[in-house]
Structure formats: structure tokens, C-alpha cells
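# Architecture at a glance
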Amino acid sequence: MSEQPATSADHARQQLEPAAADAVRAYAARTRAKADQFAAVLEDIAANGLPSVEDCTPWEELRETHLDRLAGQRPAVA
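Below: a short report on this structure. (Residues numbered from 1 in each chain as written. Predicted model: local features only at pLDDT ≥ 70, side-chain atom pairs only at ≥ 80, totals over all residues. Heavy atoms only, no water.)

### Some thoughts on the overall build of the protein
On a plain count of helices and strands, the protein comes out with two helices and zero strands. Relative to its full complement of 78 residues, the protein shows a buried share of 1%. Total accessible area computed for the protein in this model is approximately 7800 Å², and 58% of it derives from carbon and sulfur atoms. (Helix = DSSP H or I, 4+ residues; strand = E, 2+ residues; numbered from the N terminus. Buried < 20%, exposed > 50% of the residue type's maximum accessible area, 1.4 Å probe, protein only. Areas by Shrake-Rupley, 256 points an atom, 1.4 Å probe, with all protein chains shown as cover.)

### Some details on a nonpolar patch on the surface
On the surface, a cluster of nonpolar side chains totalling about 500 Å² of accessible area is made up of Phe-38, Val-41, Leu-42, Ile-45 and Leu-50. The residue Ile-45 is located in helix H1 (residues 18–48) in this model. (Patch = residues over 30% accessible without salt bridge, like charges linked within 9 Å, V, L, I, M, F, W, Y side chains within 5 Å. Salt bridge = Lys/Arg side-chain N within 4 Å of Asp/Glu carboxyl O.)

### Details of H1
The end-to-end C-alpha distance of H1, which contains 31 residues, comes to 45 Å, matching closely the 45 Å that a straight helix rising 1.5 Å per residue would cover. Remark: Gly-49 follows H1 within two positions and exhibits a positive phi of approximately 85°. (Expected span 1.5 Å × (residues − 1).)

By themselves, these figures tell us nothing about what the structure is for.
The following block contains the structure:
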């Protein structure tokens, strides 16, 4: 075996199909938007402190809303 380093030709990257590349870009954009929104919330908390309890939604309510949303996405079983 040779101890030579691999050349870039030995490890060529596989190009995506245009539709797959578009899907990856769209996913990246959605992820970036969510991260920006999360960062904005954290910056607001850092600048203004935590919101009052009266302005918050209990986690149980958030959980139930999310579970209802997930259940609505699943196909009904006959």
C-alpha cells in the first residue's frame, strides 16, 4: 500500500440532482429562519428579561396543541 495522500480526484463529491439540491436549499432556508427566530427571542430575553407569567402559555397547553397538530397530520385508521 502506498502512503501517498489521496488526491481530490480520488474523493470527488457526488453531485445532487437539481430537484434534490433545491430541496436541500429549501430545508436550509427553513432551518435558518427558525434559528433566526429563536435567536431573536433569546436576544429579547437578554435585553428585557423574562416575560411575566401572565404573558406565558403553560407548557401543558403547548404540548396538547402540538399533539393535536401531529394527530391531524396522521391519516385516519379505518
